[in-house]
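Residue-level structural notes
These are the residues of each chain, in order.
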Amino acid sequence: MVHVLLKTALLLLLGAACASTAVKERAPLDPSLPPQQRGRILYETSCNKCHALYMPSSYGAGEWPFYVRKYGRKARLSVEERDLVLSYLQANARE
Ligand code: HEC
């Protein structure tokens, strides 16, 4: 009896673990929005998973490509999405 209960608990735990690791789909971006606005949305929803957002003005336009490349993959951005994020950051970068 205890055995059966344990097994059930284990299965429930496994189920929960699977559900939580499932990749969550982002809501699709409205393609009619200007690219920089899409980039901003992507930046604000993808780059704050591990740390607070850095101000776009924290780095120069020449520095952002390095960081977007470095962290874009971690944020699970596609190449197209990375380009959008980069265009937003560069447009608002430090002078
Ligand atoms: C999976 C976690 C994770 C995600 C997602 C993430 N970052 Fe980071 N980021 C880090 C960590 C960890 C550091 C600190 C690195 C260090 O100090 O070694 C960091 C630091 C930074 C820095 C400071 C410079 C540096 O390298 O220390 C910038 C700029 C940055 N991240 C930009 C971004 C951008 C842009 C995105 C979205 C495309 C992003 N991050 C998404 C983990 C992440």
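Everything discussed here concerns the structure shown above.
Below you will find a few notes about this structure. Keep in mind that this is a model prediction, so the values were computed, not measured.

**A closer look at the side chain of arginine 38**
- Along the chain, the position of arginine 38 falls in helix α2 (residues 35-46).
- Within the local environment of arginine 38, its side chain forms a polar contact with the backbone oxygen of leucine 33, the two atoms lying 3.1 Å apart.
- If sequence neighbours within four positions are ignored, arginine 38 has contacts with Leu29, Asp30, Pro31, Leu33 and Leu84.

**A short note on the side chain of serine 46**
- Its location among the elements puts serine 46 in helix α2.
- When its relative accessible area of 2% is taken as the criterion, serine 46 is described as buried.
- Of note is the side chain of serine 46, whose polar atom sits 2.8 Å from the backbone oxygen of leucine 42.
- Not counting residues up to four positions away in its chain, the partners in contact with serine 46 are Arg26, Ala75 and Leu77.

**Side note on the coordination of the iron atom of the ligand**
- Protein coordination of the iron atom of the ligand is limited to a single donor, His51 (NE2), positioned at 2.0 Å.
- By the secondary structure assignment, histidine 51 is in the loop between α2 and α3 (64-72).

**Considerations on the nonpolar core**
- With 14 residues, the main nonpolar core has Leu42, Tyr43, Trp64, Val68, Leu77, Val85 and Leu89 as its most contacted residues.
- Looking at this core, the elements that each hand over two or more residues are α2, α3 and α4 (79-91).
- Per-element tally for this core: the top contributor is α4, with 5 residues.
- Excluding anything up to four places from it in sequence, leucine 89 contacts Tyr43, Pro56, Trp64 and Val68.

**Section: the site of the ligand**
- Cys47, Cys50, His51, Lys70 and Tyr71 are the nearest of the 15 residues found near the ligand.
- For the ligand, a nitrogen atom lies 2.8 Å from a polar atom in the side chain of histidine 51.
- Within the side chain of lysine 70, an N or O atom sits 3.0 Å from an oxygen atom of the ligand.
- Among the secondary structure elements, those contributing two or more residues to the shell around the ligand are α2 and α3.
- The greatest single-element share of the shell around the ligand, amounting to 5 residues, is contributed by α3.
- A class-by-class count of the residues in the shell around the ligand yields 10 nonpolar, 3 polar and 2 charged.

Reading the values: rules and limits
Residues numbered from 1 in each chain as written. Predicted model: local features only at pLDDT ≥ 70, side-chain atom pairs only at ≥ 80, totals over all residues. Heavy atoms only, no water. Helix = DSSP H or I, 4+ residues; strand = E, 2+ residues; numbered from the N terminus. Polar contact = N/O pair within 3.5 Å; in protein donor to acceptor, adjacent residues only side chain to side chain. Contact = heavy atoms within 4.5 Å. Buried < 20%, exposed > 50% of the residue type's maximum accessible area, 1.4 Å probe, protein only. Donors = N, O, S within 2.8 Å, 3.2 Å for Na, K, Ca; no water. Core = buried A, V, L, I, M, F, W, Y, C linked by side-chain atoms within 4.5 Å. Near = heavy atom within 4 Å. Nonpolar A, V, L, I, M, F, W, Y, C, P; charged D, E, K, R; others polar.

Spatial relationships are all this shows, so hold off on functional conclusions.
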